[in-house]
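# Survey of secondary and tertiary structure
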Amino acid sequence: MSKSLKLAAALAVTVAAFAAPFLLAGQRTAVAEEPAAAGAPFAPHQPGAFGLGREATPEEVAAWDIDIRPDGTGLPEGRGTVAEGDELFQEQCAVCHGVFGEGAGRYPVLAGGLDSLTNERPEKTIGSYWPYLSTVYDYIRRAMPFGNAHSLSDDQIYALTAYLLYLNDVVTDEEFELSKANFADIHLPNEGNFIPDDRQEEAHYAADAEPCMSACTPEPVKIVMHARILDVTPGSIDDEEGAGAGSVD
Amino acid sequence: MQAKKGINRRGLLTAGLAMGGAALSARAASAGGDPAILEVQDWNRYLGDGVQARPYGTPSQFEAHVVRRDVEWLTASTESSVNFTPLHDLDGIITPNGLCFERHHAGIAEIDPAQHRLMINGLVEKPLVFTMQDLMRFPRVNRVYFLECAANSGMEWRGSQLNGCQYTHGMVHCVMYTGVPLKTVLEEAGLKTNARWVLPEGADAAMMTRSVPIEKALDDCLIAFKMNGEALRPEQGYPLRLVVPGWEGNMWVKWLRRIEVGDQPWQQREETSKYTDLLANGTARRFTWLMEVKSVITSPSPQLPVAHGKGPLVISGLAWSGNGTIKRVDVTTDGGRNWKTARLDGPSLPKALHRFYLDIDWDGSELLIQSRAMDEHGFVQPTKDELRLARGENSIYHNNGIQTWHVKADGTVENVEVA
């Protein structure tokens with residue numbers, strides 16, 4: 001069996017077994033066993049077999065389990081309007097994200113950027129890029145405001161989320177009220193544009209060729225780009241000329 | 001100040017020349033011989049520090065330049081930022097704990113282990129809470145793994161930009177973890193039959209979360225409390241972190257305090273708005289967890305020029321793959337026209353860094369050096385142009401393209417691209 005057929009077979013097995021199109025690792029040949037012994041200590045065991053830990057109380061689970069899924073699972077009771085959110089946003093968020101979500105400095109831009117994803121400099125905002133509204137509520141609830149997390153009420157987060165929908169033209173009425181009841185009905189424009197990981201099918205991997213070792217280019221290789229020209233190396237003498245391009249997140 | 005800002009190029013060259021000067025004098029000492037030999041040195045006469053002068057040992061004062069460095073313009077604040085492992089100054093495959101790159105989203109949480117808890121909840125028979133002491137009573141394992149940020153080399157998508165492998169490739173490290181298989185802890189709570197995903201969560205002010213498929217959770221993930229034998233460093237998640245071998249670093253949740261079991265992914269911020277790979281046509285790949293086969297030459301490199309002139313030259317670097325072990329690394333000195341297979345040395349462990357060497361006799365002419373790794377499943381590291389052709393230039397993440405360094409006749413080295 002050729003390597004590519006094996007890859008296809010591995011993919012098929014993976015998809016069938018896990019009902020999700022991903023690979024644990026690129027698998028063109030048999031997976032190597034972990035080097036260490038899987039012995040008795042690591043055999044599957046019955047729940048509670050070690051008798052370690054204790055049962056979590058419902059109050060403890062409720063205190064920590066605050067995540068929300070796209071279908072609305074996990075949303076708390078509550079509501080908030082665009083206008084309420086506007087006021088809160090200016091107080092709590094605008095210093096980093098800008099009055100209209102345009103971003104200050106290198107802090108994240110939250111609004112705008114529609115149809116920019118194929119541009120040389122795409123703007124990936126809630127309206128232009130994020131697939132699910134639940135992520136907005138969830139993230140504000142767990143991590144915002146930056147440096148003062150867990151300081152907003154559930155109603156306030158509904159209001160801020162409503163305002164972010166308004167900034168991104170997903171809703172246009174300042175009186176719009178977002179609540180647990182209508183939350184899951186709202187869809188963001190870019191939801192359909194995410195695809196599974198298909199890197200292994202890219203031409204450079206799919207070719208699966210033995211790499212060339214000699215005379216791999218017809219002509220001697222030439223330098224076509226220098227770091228010096230785009231010199232953004234920290235500590236270099238021309239630091240003042242400004243920041244380079246790029247991002248780590 | 002210099003250590004904080006990073007060493008400037010002039011400083012590097014001076015350091016390089018100073019080393020070269022010392023080497024030359026040792027080889028061609030004039031009348032009588034080398035003062036380093038002929039003269040009695042202070043350390044050769046006087047007593048040094050006693051045993052408890054350094055109860056936690058630190059590197060020699062002459063190694064003070066070997067530090068993590070950051071790139072200030074990259075991020076809005078240092079609390080949600082990254083710094084880089086000084087790969088050029090290291091050898092072997094293990095990264096010292098204090099030099100492992102940092103990536104935080106809300107600063108370093110300083111957690112009292114006595115106050116730390118791990119909760120397992122969701123689709124389990126019984127939701128459980130563990131103390132650190134409880135976790136230490138499960139059977140544990142030791143495993144060496146690399147951890148690479150998905151955005152490592154992300155600043156190089158549009159072309160060569162940062163002049164140093166610390167900056168281009170330094171969001172990777174490799175240590176030995178001691179911990180409990182995640183499988184053991186999940187089984188203790190009892191997985192329900194509809195369990196398909198887990199959501200690890202951090203205790204820091206970002207409460208980092210990522211959806212991990214149950215197959216990976218039950219395969220080789222660890223709940224780790226030690227790195228290289230000692231407790232995790234605070235910046236690496238003390239007292240507890242998740243280890244997700246071969247997969248992007250963002251998933252290795254630090255300050256781990258909760259694991260929820262569910263039947264669908266949660267679509268958290270770090271797996272939707274971030275850590276998704278925008279392609280040229282405007283669609284974006286999601287759940288791109290695997291770190292692909294990759295390598296880089298760490299010496300010589302822009303921060304570590306050749307200071308000794310022509311003759312024997314050790315070309316050295318690192319290779320790794322989230323698929324398993326590295327089978328082979330080829331090195332070219334002419335920009336990819338002709339290649340030689342390098343020598344792998346040291347342990348070859350799955351999903352760990354591998355060290356390679358090519359020992360050459362440098363004739364002093366300009367070199368265009370590159371390395372190309374191949375993993376045990378036959379995946380070959382692509383060129384940057386091949387990646388750009390497939391993905392465009394806006395992916396940010398998962399740039400595993402072949403890196404070129406230009407070694408000039410004077411021994412200085414520059415980050416370039418070739419064609």
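It should be emphasised that the depicted structure is a prediction, and the values quoted were computed from it without experimental measurement.

### Here's the deal with the overall build of chain B
Within chain B one finds eight helices and 24 strands. Here the C-alpha radius of gyration of chain B, 23 Å, is about what a compact globule of 419 residues would show, namely 22 Å. Dimensions of chain B, computed from the C-alpha atoms along their principal axes, are close to 80 × 60 × 40 Å. Within chain B, buried positions represent 63% of all 419 residues. Residue pairs at least 24 apart in sequence account for 72% of intrachain contacts in chain B once pairs closer than 6 positions are excluded. Roughly 15,200 Å² of accessible area belongs to chain B as shown, and the carbon and sulfur atoms make up 54% of that amount.

### Brief notes about the confidence of the model for chain A
All names here are of chain A. Averaged over all residues, the pLDDT of chain A equals 84, while 75% of them reach at least 70. Note on residues 29-39: pLDDT is under 50 here. Beyond four places in sequence and across chains, it has 10 contacts. Scored below 50 in pLDDT, residues 237-243 makes nine contacts in the model with residues more than four places away or belonging to other chains.

### Considerations on the state of the cysteines
A full pass over the atoms with the stated rule returns one disulfide over all chains. Here A:C212 connects covalently by a disulfide to A:C216, the sulfurs 2.2 Å from one another. Disulfide A:C212-A:C216: torsion about the S-S bond near -100°, hence left-handed. Sulfur of B:C100: no disulfide; nearest cysteine sulfur belongs to B:C174 and is 8.8 Å away. Accessibility expressed as a relative area gives 0% for B:C174, which makes it buried.

### Overview of the packing of aromatic side chains
By the definition in use, this model includes 18 aromatic pairs over all chains. Seen in terms of ring centroids, B:F84 and B:Y167 are 5.8 Å apart; in terms of plane orientation they differ by 70°. Their pairing is edge-to-face. Here B:Y167 lies in helix α5 (residues 165-169) and B:F84 lies in strand β2 (residues 81-84), a separation of 83 residues in the sequence. Pairwise contacts between aromatic rings join B:W197, B:W247, B:F287 and B:W289 into one cluster. Across the ring face of A:Y139, the terminal group of B:R269 is positioned such that the distance to the ring centre comes to 4.5 Å.

### Description of the sheet that holds strand β4 (residues 117-122) of chain B
Pairing in this open sheet of six strands is mixed, and the strands run β1(A)-β5(B)-β4(B)-β13(B)-β8(B)-β9(B) from one edge to the other. Edge positions in the open sheet fall to β1 (54-55) of chain A together with β9 (212-213) of chain B, since each of these has one partner strand only. As paired elements, β1(A) and strand β5 (residues 128-131) of chain B share two bridges and run antiparallel to each other. Within β5(B), the residue paired with A:R54 across the bridge is B:V129.

### Digging into the pairing of β5(B)
Where β4(B) meets β5(B), four bridges bridge the pair, whose relative direction is antiparallel. Within β5(B), the residue paired with B:L118 across the bridge is B:F130.

### Description of empty space enclosed by the protein
All names here are of chain B. If you walk through the whole model with that rule in mind, you get four cavities of 30 Å³ or more. Computed from the structure, the largest cavity encloses a volume of approximately 220 Å³. Along the wall of the largest cavity there are 18 residues; nearest its centre are R103, R241, G249, N250 and K254. Across the lining of the largest cavity, the residue classes tally to eight nonpolar, six polar and four charged.

### Looking at the side chain of A:R69
Considering the arrangement of structural elements, one finds A:R69 in the loop between α2 (58-64) and β2 (79-81). Within the structure, A:R69 has its side chain in polar contact with the side chain of B:D263 (distance 2.8 Å). The residues touching A:R69, leaving out its near neighbours within four places in the chain, are A:S134, B:D263, B:Q264, B:P265 and B:W266.

### Let's talk about the interface of chain B and chain A
Listed as interface residues are 133 residues of chain B and, on the opposing side, 111 residues of chain A. In total, about 10,300 Å² of surface goes out of reach between chain B and chain A, with carbon and sulfur atoms giving 56% of it. The shortest N-O distance in the salt bridge between B:R258 and A:D67 comes to 2.5 Å. Inspection of the region where chain B meets chain A yields 51 residue pairs in polar contact (both at pLDDT 80 or more). Counted by class, the side of chain B that touches chain A contains 53 nonpolar, 37 polar and 43 charged residues. Pairing analysis gives three bridges linking strand β5 (residues 223-226) of chain A to strand β24 (residues 413-418) of chain B, with the strands arranged antiparallel. Bridging from a neighbouring strand, A:I223 pairs with B:V418 of β24(B).

### Comments concerning the sheet that holds strand β23 (residues 404-407) of chain B
Strand order in the open sheet made by the six strands is β5(A)-β24(B)-β23(B)-β22(B)-β18(B)-β19(B), with antiparallel pairing throughout. Every other strand in the sheet has two partners, leaving β5 of chain A together with β19 (340-341) of chain B as the edge strands with one partner each. One ladder, built from six bridges, connects strand β18 (residues 326-332) of chain B with strand β22 (residues 367-375) of chain B; its direction is antiparallel. Following the sheet pairing, B:R328 is matched in β22(B) by B:M374.

### Quick look at unusual backbone geometry
Both trends apply: most residues other than glycine have a negative phi, and most peptide bonds are in trans. The linkage connecting A:M144 with the following residue, A:P145, adopts the cis geometry, with an omega of -10°. Relative to the assigned elements, A:P145 resides in the loop between α5 (134-143) and α6 (154-167). The omega torsion of the bond from B:Y238 to B:P239 falls at 10°, within 30 degrees of zero and hence cis. For B:P239, the position within the fold is in the loop between β11 (230-231) and β12 (241-243). At B:M207, a position not held by glycine, the phi torsion is positive, near 40°. Tracing the chain through its elements places B:M207 in the loop between β8 (197-202) and β9. Owing to a relative accessible area of 2%, B:M207 belongs among the buried residues under this scheme.

### Here we look at the pattern of salt bridges
Summed over the entire model, instances satisfying the criterion amount to 39 salt bridges over all chains. In this structure, B:K183 engages B:E187 in a salt bridge whose closest nitrogen and oxygen atoms are separated by 3.0 Å. Highlighted residues: B:K183 and B:E187, both in helix α6 (residues 182-189), separated by four residues, approximately one helical turn. Overall, the relative accessible area of 22% leaves B:K183 in the partly exposed class. A salt bridge links B:D330 to B:R372; its shortest N-O distance comes to 2.9 Å. In this pair, B:D330 sits in strand β18 while B:R372 sits in strand β22, placing the two residues 42 residues apart along the sequence. For the pair B:D330 and B:R372, a shared accessibility class is recorded, and that class is buried. If you follow the salt bridges from partner to partner, you end up with A:D65, A:D67, A:D138, A:R142, B:E201, B:R257, B:R258 and B:E260 in one network.

About the criteria used
- Residues numbered from 1 in each chain as written.
- Chains lettered and ligands numbered in written order.
- Predicted model: local features only at pLDDT ≥ 70, side-chain atom pairs only at ≥ 80, totals over all residues.
- Heavy atoms only, no water.
- Helix = DSSP H or I, 4+ residues; strand = E, 2+ residues; numbered from the N terminus.
- Rg over C-alpha atoms; globule rule 2.2 N^0.38 Å.
- Buried < 20%, exposed > 50% of the residue type's maximum accessible area, 1.4 Å probe, protein only.
- Contact = heavy atoms within 4.5 Å.
- Areas by Shrake-Rupley, 256 points an atom, 1.4 Å probe, with all protein chains shown as cover.
- pLDDT = per-residue confidence, 0-100.
- Disulfide = S-S within 2.5 Å.
- Phe/Tyr/Trp six-rings, centres within 6.5 Å; stacked < 30°, edge-to-face > 60°.
- Lys NZ or Arg CZ within 6 Å of the ring centre and 35° of its normal.
- Pairing = 2+ DSSP bridges.
- 1 Å grid on protein atoms, 1.4 Å probe; cavity = no way out; pocket = protein on both sides within 12 Å on 5 of 7 lines; lining within 4 Å.
- Points joined across faces, edges and corners; volume = space filled by probe spheres on them.
- Nonpolar A, V, L, I, M, F, W, Y, C, P; charged D, E, K, R; others polar.
- Polar contact = N/O pair within 3.5 Å; in protein donor to acceptor, adjacent residues only side chain to side chain.
- Buried area = accessible area lost by both parts, 1.4 Å probe.
- Salt bridge = Lys/Arg side-chain N within 4 Å of Asp/Glu carboxyl O.

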